[in-house]
Amino acid sequence: QVQLVESGGGLVQPGGSLRLSCAASGTIFSINVMGWYRQAPGKQRELVAVIRSGGTTNYADTVKGRFSISRDNAKNTVYLRMNSLKSEDTAVYYCNVILERVAGGPSWNYWGQGTQVTVSS
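Residues numbered from 1 in each chain as written. Predicted model: local features only at pLDDT ≥ 70, side-chain atom pairs only at ≥ 80, totals over all residues. Heavy atoms only, no water.

Some words on the nonpolar core
Here's step 1: Membership of the largest hydrophobic core comes to 29 residues, with the highest contact counts inside it found for Trp36, Leu80, Met82 and Tyr93.
Here's step 2: Broken down by secondary-structure element, the contributors of at least two residues to this core are strand 1 (2-7), strand 3 (18-26), strand 4 (30-39), strand 5 (46-52), strand 7 (67-72), strand 8 (77-82), strand 9 (91-100) and strand 11 (115-119).
Here's step 3: In terms of residues, this core owes the most to one element, strand 9, which gives 5 residues.
Here's step 4: The residues contacting leucine 80, other than those within four sequence positions of it, are Leu18, Arg19, Leu20, Trp36, Val48, Ala49, Phe67, Ser68, Ile69 and Tyr93. (Core = buried A, V, L, I, M, F, W, Y, C linked by side-chain atoms within 4.5 Å. Buried < 20%, exposed > 50% of the residue type's maximum accessible area, 1.4 Å probe, protein only. Helix = DSSP H or I, 4+ residues; strand = E, 2+ residues; numbered from the N terminus. Contact = heavy atoms within 4.5 Å.)

Printed below as a string of structure tokens:
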């Protein structure tokens, strides 16, 4: 089994910054993709950013230039640095990983429990 533990959410004023972390633990051979999604009230879950094992990244247009995703492979941890936060960034942020539990095995998709980010004055 694999567990994802998220941290770093909270309340921040517009223009402020936060850093989210997500650590994966358990039976893991390799992690192919790590990413962050978010879901605001009344809206569908949407991609925020992803980072692949080779280091390539993709961002939603709404966060480009403000958010930065990174990963520490030794710690099986992904980070999301969020700068210049806006009220429209308010949402529950979910960590997502796609990994192999054994060499040559199938890919598994796991979600974190979510962490609330609220941007308000």
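Quick look at the packing of aromatic side chains
Here's step 1: Applying the stated rule across the entire model yields 1 aromatic pair.
Here's step 2: Seen from their ring centres, tyrosine 37 and tryptophan 111 are 5.0 Å apart, and the 65° between their planes marks the pair as edge-to-face. In this pair, tyrosine 37 sits in strand 4 while tryptophan 111 sits in strand 10 (residues 107-111), placing the two residues 74 residues apart along the sequence.
Here's step 3: Directly above the ring of tyrosine 94 sits arginine 45, whose terminal nitrogen or CZ lies 3.7 Å from the centroid. (Phe/Tyr/Trp six-rings, centres within 6.5 Å; stacked < 30°, edge-to-face > 60°. Lys NZ or Arg CZ within 6 Å of the ring centre and 35° of its normal.)

Interpretation note: all reported values are geometric properties and have no functional meaning in isolation.
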